[in-house]
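Observations on chain architecture
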Amino acid sequence: MDWLLTREAVIGLAILGAVPSAAASLLKTRLTERRARQLDIAGYGLMGASMLLFIIIGFRS
C-alpha cells in the first residue's frame, strides 16, 4: 500500500487519467456519444483519485 502513496504513483495515475480524457476529446467524431462519455468519466475518475492521494500524502508528511 505504501507504493500507492509515492510521488511517482500519483503522477502516473494522473497521466493515466489524462490519456482517456484526451482520447475522448480527440476521437469524439469517431466514437459514439456514450463511449466518449465513458472515456471522459474514466479519465476524470483516475485524475480525481490522483488528487485525493496527493492530499493524503500531504497530510501524512
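Placed above this text is the structure.
The sections below set out a description of the structure shown in this document.

1. A short note on the overall build of the chain
Within the chain, the regular secondary structure consists of 2 helices and 0 strands. Taken over the C-alpha trace, the chain has a radius of gyration of 14 Å; the compact-globule value for 61 residues is 10 Å, which it surpasses by more than 25%. In terms of overall dimensions, the chain has a C-alpha envelope of 45 × 15 × 15 Å along the principal axes. Counting the 61 residues in the chain, one finds 18% classified as buried. Accessible surface, the chain as shown: approximately 4,800 Å² in total, 68% of it carbon and sulfur. Distance from the positive charge centre (7 side chains) to the negative charge centre (4 side chains) of the chain: 8 Å.

2. Examining helix α2 (residues 33–60)
Its 28 residues give α2 an end-to-end C-alpha distance of 41 Å, which sits within 8% of 40 Å, the value for a rise of 1.5 Å per residue. Among the residues making up α2, those that are buried are Ala36, Gly43, Ser50 and Leu53. In this structure, the buried residues of α2 make contact with α1 (7–26).

3. A word on the side chain of Ser21
Tracing the backbone shows Ser21 in helix α1. Other than its neighbours up to four places away in sequence, Ser21 contacts Leu39, Asp40, Gly43, Tyr44 and Met47.

4. Quick notes on α1
Between its first and last C-alpha, α1 extends 28 Å over 20 residues, near the 28 Å set by a 1.5 Å rise per residue. Three or more residues of α1 are buried, namely Val10, Leu13, Gly17, Pro20, Ser21 and Ala24. Within α1, the buried residues cover an arc of 100 degrees as seen down the axis, which keeps them to one side. Away from the buried face of α1 by more than 90 degrees, exposed residues Arg7, Glu8, Ile15, Val19 and Leu26 are located. Contact partners of the buried residues in α1: α2.

5. A look at the environment of Ala9
Within the element layout of this structure, Ala9 appears in helix α1. C-alpha separation for the pair Ala9 and Phe54, spaced 45 residues apart in sequence, amounts to 9.9 Å. Residues within four places of Ala9 in sequence aside, it is in contact with Trp3 and Leu4.

Thresholds applied
Residues numbered from 1 in each chain as written. Predicted model: local features only at pLDDT ≥ 70, side-chain atom pairs only at ≥ 80, totals over all residues. Heavy atoms only, no water. Helix = DSSP H or I, 4+ residues; strand = E, 2+ residues; numbered from the N terminus. Rg over C-alpha atoms; globule rule 2.2 N^0.38 Å. Buried < 20%, exposed > 50% of the residue type's maximum accessible area, 1.4 Å probe, protein only. Areas by Shrake-Rupley, 256 points an atom, 1.4 Å probe, with all protein chains shown as cover. Lys, Arg positive; Asp, Glu negative; His and termini not counted. Charge placed at Lys NZ, Arg CZ, Asp CG, Glu CD. Expected span 1.5 Å × (residues − 1). Contact = heavy atoms within 4.5 Å. Arc of directions from axis to C-beta.

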